[in-house]
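Here is what each chain is made of, one letter per residue.
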Protein chains: 2
Amino acid sequence: MKKTVFQDRLSILRQGLTSGSPDTLWIVQPENRRYLSGFKASDTQLNESSGSLLINKKRAILITDSRYTIEAQEQARDFEIITLKKDLDTELCRLLGQIKTRVLGFEGDHLTWEQHRRFSKQIKKLKSPVRMTPMDGSIGRMREVKDREELKSMKAAADIMSAVLDEVLHGLRPGRTEIEVAREIEELARDAGAEGMAFPPIVASGPNAALPHATPSQRRIGPRDPIIFDIGARLNGYCSDMTRTVFLEPPVPMFKKIYGIVRRAQLAALEYVRPGEKSTKADSIARDIIRQAGFGDYFGHSLGHSVGLATHETPRLSPKNPVTLEEGMVVTVEPGIYIPGKGGVRLEEMVVIERHGPRILTENDNYYDF
Amino acid sequence: MKKTVFQDRLSILRQGLTSGSPDTLWIVQPENRRYLSGFKASDTQLNESSGSLLINKKRAILITDSRYTIEAQEQARDFEIITLKKDLDTELCRLLGQIKTRVLGFEGDHLTWEQHRRFSKQIKKLKSPVRMTPMDGSIGRMREVKDREELKSMKAAADIMSAVLDEVLHGLRPGRTEIEVAREIEELARDAGAEGMAFPPIVASGPNAALPHATPSQRRIGPRDPIIFDIGARLNGYCSDMTRTVFLEPPVPMFKKIYGIVRRAQLAALEYVRPGEKSTKADSIARDIIRQAGFGDYFGHSLGHSVGLATHETPRLSPKNPVTLEEGMVVTVEPGIYIPGKGGVRLEEMVVIERHGPRILTENDNYYDF
């Protein structure tokens, strides 16, 4: 019988469970949990979890509570489902004893300080001692390179948003508010089959376009405003992410100029988004172009990030933490220039890195030749 | 000049900054941050922060990055806004030195293990030593009792959802899918002025009503299905939360019976939601009624929780952690009975605790006299 994708992922993960390292992994982070088990539940709040995985060489257990038992059984078919009778700490301790864990790997970048403190106190009471150690990020690294099915979902999520943007722009006239347009985007995306948004849509016009993370407001869009659309859909859990800057009528010369610089920076950076390049290279290429054009102080954020089950994943395209780009990674390339009080321009493509270079997933014609 | 609500909250918080305890607080948790400063930005992902507060007896500082500077300046007017030049850890260290911090309080239930590890390593390099200690939850406790403005927002958010439910039920016929109805709820709520949903609306029909945290599906609603609506809007940052169970045609006798039990449990529990009562009392009253009716195994979750800037806040109405209820707290009372494979009934009111008892904020007529 063909192995499921989750069995394959478990096999890879288990190769890391060698002596000297954790023999059991405790996984709580929702995207890691879904990636390894197929369990789709999200966590409604930081301090609330819909489930934990416990994985060692032999067992793969999903511990959840009665609210989620039925979904868990349907979705995580390669896992034993255990429904909590008492609190999670008590149940985890019982299981750790049963499966003879000695070193438990945990997600240091997800577990809170308090959860860690409470649980390490609890395991001290166990008969045979268990030591806790932070995991090495191998699940995050497994998630970096996407397989064919993942890419299919991401391409479909991107296509939904390309079509939505076309439709929105077709009907867009000055005078509508940012909130109205943002709502239209959400509704069209859901009509087109999106599970939801990857993140709340950004529609930022005029001076609001100077805020890289603007929230849509009651501001009415003006005819010559720069309008930044930063939008993404979610499909099968996977995200898309795309930005276009649009003008309803030809903008003032300054924005034509800025637009041209950002677009040049983007196209130049895309040349360095290929297997074997460092993740810092594309960022520095784009940053140099913007700096040489005199706008270095107006591009504060990183060039891009990876995308997958989460909108923001590693590796990032930034001046820090160089890693080597690989085939199958999906990253964004999104330079921007933001002039406080006036507006801004950001252009973002989401691309999959293929053997010979980037393939754009957010393909559509909404660009200008300024 | 009249003090702002944020100045009042800072005064109260600063009373706790006595010798022997932290002299400076580092606040990252988005709702705490908004409660104390007015800064509205949310954090898009667990591992991404739009800002940190640093509060001591004299200074109130909001550290953010260039994406949020302008919003921060407009929204957090009682705070000094500092835009990050380097990474947060470096900037925090510089400031801690400048304001002569000796003991830094942090949010142990929000900061991740890794953030804490990295930052405690970093502060070891400071000239005068800084010790890190978890905060005692006083901000969470300040947030428990709502003032008049907060209650006004919560009542308005609840009213939106009462009106939305009326309108949805008016037009609801068998054959529509749960997803369609959930989308209608979102759209009507936004039309009515909601900023967004407090949480994704639950519309769970037939067997799906047996899943307390069901996700709306493509299932078509049947005429005699129990349909659970668990819905909440957000207004000025504040949440509402309400559940009704609805039948389009008279249900089979079992569901009439279950409905009657749940409603009785709810009404009885509401009698114990008053100042001076323990938070465990209402839960045990409801639980006893459901148990005595023979459905004790089918009510797995707690009776309720507090609501505010977050949908789930402390105190909870549960069998654990008894605390004394106070005037001004806003809690839900939501017993349920869930029969796997068949369906379920949950009824939820959100109430503010007043001197003489609970005042229902989620008032509307969508109840049956079974």
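The rules behind each value
- Residues numbered from 1 in each chain as written.
- Chains lettered and ligands numbered in written order.
- Predicted model: local features only at pLDDT ≥ 70, side-chain atom pairs only at ≥ 80, totals over all residues.
- Heavy atoms only, no water.
- Pairing = 2+ DSSP bridges.
- Helix = DSSP H or I, 4+ residues; strand = E, 2+ residues; numbered from the N terminus.
- Axes fitted to C-alpha atoms, helices over the stretch in contact; angles between N-to-C directions.
- Least-squares fit on C-alpha atoms with pLDDT ≥ 70 in both.
- Contact = heavy atoms within 4.5 Å.
- Domains from an automatic or database assignment.
- Buried area = accessible area lost by both parts, 1.4 Å probe.
- Salt bridge = Lys/Arg side-chain N within 4 Å of Asp/Glu carboxyl O.
- Polar contact = N/O pair within 3.5 Å; in protein donor to acceptor, adjacent residues only side chain to side chain.
- Buried < 20%, exposed > 50% of the residue type's maximum accessible area, 1.4 Å probe, protein only.
- Arc of directions from axis to C-beta.
- Phe/Tyr/Trp six-rings, centres within 6.5 Å; stacked < 30°, edge-to-face > 60°.
- Lys, Arg positive; Asp, Glu negative; His and termini not counted.
- 1 Å grid on protein atoms, 1.4 Å probe; cavity = no way out; pocket = protein on both sides within 12 Å on 5 of 7 lines; lining within 4 Å.
- Points joined across faces, edges and corners; volume = space filled by probe spheres on them.
- Nonpolar A, V, L, I, M, F, W, Y, C, P; charged D, E, K, R; others polar.

Caption draft 1: A look at the sheet that holds strand S9 (residues 227-231) of chain B. All names here are of chain B. Strand order in the open sheet formed by three strands is S8-S9-S12, and the pairing between neighbours is antiparallel. Two strands bound the open sheet, and with one partner strand each, they are strand S8 (202-205) and strand S12 (242-246). Neighbour-to-neighbour, the strand axes of this sheet turn through a mean angle of 10°, independent of strand direction. Where S8 meets S9, four bridges bridge the pair, whose relative direction is antiparallel. Counterpart to Ser-205 in the pairing with S9 is Ile-227.

Caption draft 2: Quick look at the relation of the copies chain A and chain B. Taken as rigid bodies, chain A and chain B are interconverted by a rotation of 180° and an axial shift of 0.0 Å, the fit giving an RMSD of 0.0 Å. Viewed as a symmetry operation, the transformation between the two copies matches a two-fold axis. Most of the interface of chain A is mirrored in chain B, where 100% of its interface residues are also at the interface.

Caption draft 3: Broad picture of the domain arrangement of chain A. Residues and elements named next belong to chain A. Taken domain by domain, chain A holds domain 1 (5-142) and domain 2 (148-360). The centre of domain 1, based on its C-alpha atoms, is set 35 Å off from the matching centre of domain 2. Taken together, the contact between domain 1 and domain 2 spans four residues of the former and six residues of the latter. Buried surface at the junction of domain 1 and domain 2, both sides included, amounts to about 430 Å², of which 53% is carbon and sulfur. Area buried by domain 1 at its contact with domain 2 is led by Glu-31, Arg-34 and Tyr-35, which between them contribute 78% of it. At the junction of domain 1 and domain 2, the tally comes to one salt bridge. Salt-bridge contacts for Glu-150 lead to Arg-9; the nearest nitrogen and oxygen are separated by 3.8 Å. At the junction of domain 1 with domain 2, the criterion picks out one residue pair in polar contact (both at pLDDT 80 or more). In terms of residue count, the dominant contributor to the side of domain 1 that touches domain 2 is helix H2 (residues 30-37) (three residues).

Caption draft 4: Spotlight on unusual backbone geometry. The omega torsion of the bond from Thr-314 of chain A to Pro-315 of chain A falls at -5°, within 30 degrees of zero and hence cis. Positive phi outside glycine occurs at Asn-236 of chain A, with the angle close to 50°. Positionally, Asn-236 of chain A belongs in the loop between strand S10 (233-235) and strand S11 (238-239). According to the relative accessible area criterion, Asn-236 of chain A is partly exposed, its value standing at 44%. Even without being a glycine, Asn-321 of chain B presents a positive backbone phi close to 50°. Tracing the backbone shows Asn-321 of chain B in the loop between strand S14 (313-317) and strand S15 (330-333).

Caption draft 5: Local environment of helix H2 (residues 30-37) of chain B. All names here are of chain B. Counting buried positions along H2 gives seven out of eight residues, so the element sits mostly inside the fold. Looking only at H2, the buried set comprises Pro-30, Asn-32, Arg-33, Arg-34, Tyr-35, Leu-36 and Ser-37. Just downstream of H2 lies Gly-38, where phi reads positive at about 90°.

Caption draft 6: Representation of the sheet that holds strand S2 (residues 52-56) of chain B in the model. All names here are of chain B. The sheet built from six strands is open, its strands ordered S4-S3-S2-S1-S5-S6 with mixed pairing. On the outer flanks of this sheet lie strand S4 (80-83) and strand S6 (131-134), each paired with one strand and no other. Going from strand to strand, the sheet's axes swing by 25° on average, the running direction of each strand aside. Pairing of S2 with strand S3 (residues 60-64) involves four bridges; the strand directions are antiparallel. Note on S3: the bridge partner recorded for Ser-52 is Ile-63. Sitting on the sheet, helix H5 (residues 113-123) is in contact with strand S1 (24-27), strand S5 (103-106) and S6, with an inclination near 150° to S6.

Caption draft 7: Quick peek at H5 of chain B. Along H5 of chain B, the residues classified as buried are Trp-113, His-116, Phe-119, Ser-120 and Ile-123 of chain B. Around the axis of H5 of chain B, the buried residues are gathered within 140° of arc, so they sit on the same side.

Caption draft 8: The arrangement of the packing of aromatic side chains in detail. Residues and elements named next belong to chain A. Applying the stated criterion to the full structure yields 22 aromatic pairs over all chains. Measuring from centroid to centroid gives 6.3 Å for Phe-39 and Tyr-68, while their planes differ by 90°, and the two rings are edge-to-face. Highlighted residues: Phe-39 in the loop between H2 and strand S2 (52-56) and Tyr-68 in the loop between strand S3 (60-64) and helix H3 (69-75), separated in sequence by 29 residues. The burial state of Phe-39 is the same as that of Tyr-68; both residues are buried.

Caption draft 9: Fine view of the pattern of salt bridges. Throughout the structure, instances matching the rule amount to 48 salt bridges over all chains. Notably, a salt bridge pairs Arg-176 of chain A with Glu-184 of chain A, separated by 2.8 Å at the nearest N-O pair. The class for Glu-184 of chain A is partly exposed, based on a relative accessible area of 23%. The shortest N-O distance in the salt bridge between Asp-191 of chain A and Arg-183 of chain B comes to 2.7 Å.

Caption draft 10: Local environment of the side chain of Glu-144 of chain A. All names here are of chain A. Relative to the elements of secondary structure, Glu-144 occurs in helix H6 (residues 138-144). Buried within the structure, Glu-144 lacks any salt-bridge partner; its nearest side chain of opposite charge belongs to Arg-141, at an N-O separation of 6.2 Å. A polar atom in the side chain of Glu-144 sits 2.9 Å from the side chain of Thr-314. The contact partners of Glu-144, leaving out residues within four places of it in the chain, are Thr-314, Pro-315, Gly-328, Met-329 and Val-330.

Caption draft 11: Molecular detail of empty space enclosed by the protein. Scanning all chains against the criterion turns up one cavity of 30 Å³ or more. Empty space within the largest cavity amounts to approximately 90 Å³. Listing elements by their share of the lining of the largest cavity, those giving two or more residues are helix H8 (178-191) of chain A together with helix H8 (178-191) of chain B. Counted by class, the lining of the largest cavity contains no nonpolar, no polar and eight charged residues.

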